[in-house]
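In case you want the letters, here they are:
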Amino acid sequence: MHQAALRAAGLEGSYRALETPPPLLQARLEEVRRAFAGVNVTIPHKESVLEYLDELSPEAAAIGAVNTIVCQQGRLIGYNTDALGFISGLEEAGIAYRNKKALVLGAGGAARAVAYALKQEGVHVAVYNRTTERARALCAAMGLHLVTEPLLETAVRSCDLLVNTTSVGLNDPTRSPLPPGLLPRAGVVVDIIYHPQTTRLLLEAQQAGLVTLGGLPMLVWQGARAFELWTGVKPDVRVMYAAAQAGLG
Ligand code: ATR
């Protein structure tokens, strides 16, 4: 996706994967500091990387996770483009979300980015997570509404926007984070998992006549924002979509 965008913009450079086991993270960042314009950071480094950075953008600090690092005159600056990427995906799909009620499933790094983005846009955000204590901590930190197990059914049925940020369905798209048949009465269901196969949650939502959105738009838009941070150039998002789709098979 980034390689294609670089080519389309007529920029020199390459984007490649740097496999980094956790004990080697700090050394890798020193290499990045010397030789790279920037990097993306992914599982499992999005939170642990914070302590090695020289500066954080306001949203990365608020979310507590970094997915993009820019090297500027030897300084490493951390950003979180997942939040903007999520909102851009909703905007592109024409989904009305302002002043609506959202329910976020999950309480990990992805949930924090999505919840932060929605809250910033004036959405009423509730969070449900398998491990309640993790959801409770997130809700306390960001001023969100905690949903516990006994209230899950009511919270799901009455929300306008349901977002799955859990990893359920990632490796096996036939698995859903919700019990069969439990869906919002109306509105939109988003699954931020990107998988060539439609996830079970989205299939059930489509069958129930709900509007759905998969994970590809967020993937592409977070990447587009990162590209812009590294190069100062707005990439051709169509080119990035085509490359991402080809990569996902
Ligand atoms: P990320 O940073 O990508 O969000 P994470 O921090 O590992 O990744 O979070 C994964 C999320 O998926 C968590 O909300 C996790 O729930 P727990 O906090 O209870 O672990 C959720 N998750 C993973 N497997 C799950 C499962 N089988 N059922 C329900 N939730 C699950």
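You'll find the structure just up there.
Numbers given to residues run from 1 along each chain, matching the order in which its sequence is written. Side-chain atom pairs in this predicted model are given and counted only at pLDDT of 80 or more, local residue features only at pLDDT of at least 70, and totals for whole chains, interfaces and linings cover all residues. To get the side-chain values, all heavy atoms of the structure are used, and hydrogens and water are removed first.

(A) Looking closely at the site of the ligand. Nearness of a residue to a molecule or strand requires only that one of the residue's heavy atoms be within 4 Å of it. Within the structure, the ligand sits among 13 residues, and Ala-107, Asn-129, Arg-130, Thr-131 and Arg-134 are positioned closest to it. Distance and chemistry together define a polar contact, namely a pair of N or O atoms within 3.5 Å, with one atom able to donate a hydrogen and the other to accept it when in protein, and with adjacent residues in sequence counting only for side-chain atoms on both sides. Here an oxygen atom of the ligand sits 2.7 Å away from a polar atom, N or O, in the side chain of Asn-129. Side-chain polar atom of Arg-134 to an oxygen atom of the ligand: 2.8 Å apart, as the coordinates give it. Relative to its unbound accessible surface of 640 Å², the ligand loses 72% to contact with the protein. Shrake-Rupley sampling with a 1.4 Å probe provides the accessible areas, and residues are treated as covered by the protein chains on show and by no other component.

(B) Summary view of the pairing of strand β9 (residues 188-191). Both faces of β9 are covered, namely the face carrying Val-188 and Val-190 and the face carrying Val-189 and Asp-191. Any two strands between which DSSP finds at least two bridges are classified as paired. The way it works is that DSSP assigns letters per residue, a run of H or I at least four long becomes a helix, a run of E at least two long becomes a strand, and they are numbered from the N terminus. Pairing between strand β8 (residues 161-164) and β9: 4 bridges, direction parallel. Opposite Val-163, over in β9, you have Val-190 as the bridge partner. The sheet contact formed by β9 and strand β10 (residues 211-213) spans 3 bridges and is parallel. For Val-189, the partnering residue across the bridge sits in β10 and is Thr-212. For each residue, the accessible area found with a 1.4 Å probe, counting protein chains only, is set against the maximum for its type, and the residue is called buried under 20%, exposed over 50%, and partly exposed in between.

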